[in-house]
Structure formats: structure tokens, C-alpha cells
Amino acid sequence: MRPKLSSRVNKQGEKVYDYLCELKERSHGLKCDNKRINGNELDRQICDEIKHLGEDDSELMKLLRNSQKSLNETFADSQAEIDRLTEKEKAV
């Protein structure tokens, strides 16, 4: 999906744009039947959700802790693989 600006203006004076599927546009609707999404409204909803995350410290912190745990596990696995390869190279 990508934004596509139109020449229309909404009640708030904002230029109206939609998100549309590039495959649909290139194939003239033959390879995709997804409808366009109102970009102004979608972006507003996403911003509201992001603000909501910031208001609920416990939920935000829970998401951050889970992400940090996942990153730490990935780092530990990668470091173990580096150590194993380094030892293997020394043995050669």
C-alpha cells in the first residue's frame, strides 16, 4: 500500500489522500481487489493508538520488556554462534 494524493480537500482543509495497492494500480484491478483506504482517517487512528500506548504505562512497559527480552535472546544466540565459529576457526 502506498499513499496517493488527490486534489480534493476535506472539511478540515486537509488534502485528501488514500492508501492504495500498487499491484492493483499497475494491473488495473486485475490482480488485487483491495479497496482504497482513507489515508487521513487511517493516519489519525494510528496516531491515536500510539498516544494511547503512551497513556497506559503498564501496557507500554510490558511491550517494551517483551521486545527487550526477545532482542536479548537473539543477541545471546548470535554471540554463541560467533563464539562457536571463532573456536572452529582457531582449530583449523
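What you see is a predicted model, and the numbers here were worked out from it, not measured in a lab.

Undergrad: Describe the overall build of the protein, naming the residues involved and giving the relevant values.
TA: Regarding its fold elements, the protein presents 3 helices and 3 strands. Listed N to C, the secondary structure of the protein is β-β-α-β-α-α in terms of helices and strands. A globule of 92 residues ought to have a C-alpha radius of gyration of about 12 Å, yet the protein, at 23 Å, is considerably larger. Each of the three principal axes of the protein carries a C-alpha extent, and together these read 70 × 40 × 20 Å. Taken over 92 residues, the protein has a buried fraction of 12%. Across the protein, the fraction of contacts at a sequence separation of at least 24, relative to all contacts at a separation of at least 6, is 16%. Here the protein has roughly 8,000 Å² of accessible surface; of this, 55% comes from carbon and sulfur atoms. Taking the average place of the 18 positive charges on the side chains of the protein and the average place of its 19 negative ones, the gap between the two points comes to 9 Å.

Undergrad: Summarise unusual backbone geometry; cite the residues concerned and give the values.
TA: The backbone of H28 shows a phi angle near 55°, a positive value even though the residue is not glycine. Looking at where H28 falls in the secondary structure, it is placed in the loop between α1 (22-26) and β3 (37-38).

Undergrad: How would you sum up the packing of aromatic side chains? Please name residues and give values.
TA: Taken as a whole and judged by the stated rule, the model has 1 aromatic pair. Aromatic side chains Y17 and Y19 sit 5.9 Å apart centroid to centroid with 75° between the ring planes, which places their arrangement in the edge-to-face category. With respect to burial, Y17 and Y19 carry one shared label: buried.

Undergrad: Tell me about the sheet that holds β3, and please be specific about residues and values.
TA: One open sheet holds the 3 strands; their spatial order is β1-β2-β3, and the pairing between them is antiparallel. Strands at the two margins of the open sheet, each flanked by one partner only, are β1 (2-9) and β3. In the sheet, β1 pairs with strand β2 (residues 15-20) via 5 bridges, with the strands oriented antiparallel. Across the sheet, residue V9 finds its bridge partner in β2, namely K15.

What counts, and at which threshold
Residues numbered from 1 in each chain as written. Predicted model: local features only at pLDDT ≥ 70, side-chain atom pairs only at ≥ 80, totals over all residues. Heavy atoms only, no water. Helix = DSSP H or I, 4+ residues; strand = E, 2+ residues; numbered from the N terminus. Rg over C-alpha atoms; globule rule 2.2 N^0.38 Å. Buried < 20%, exposed > 50% of the residue type's maximum accessible area, 1.4 Å probe, protein only. Contact = heavy atoms within 4.5 Å. Areas by Shrake-Rupley, 256 points an atom, 1.4 Å probe, with all protein chains shown as cover. Lys, Arg positive; Asp, Glu negative; His and termini not counted. Charge placed at Lys NZ, Arg CZ, Asp CG, Glu CD. Phe/Tyr/Trp six-rings, centres within 6.5 Å; stacked < 30°, edge-to-face > 60°. Pairing = 2+ DSSP bridges.

Note that every value here comes from positions in space, so none of it alone points to a role or purpose.
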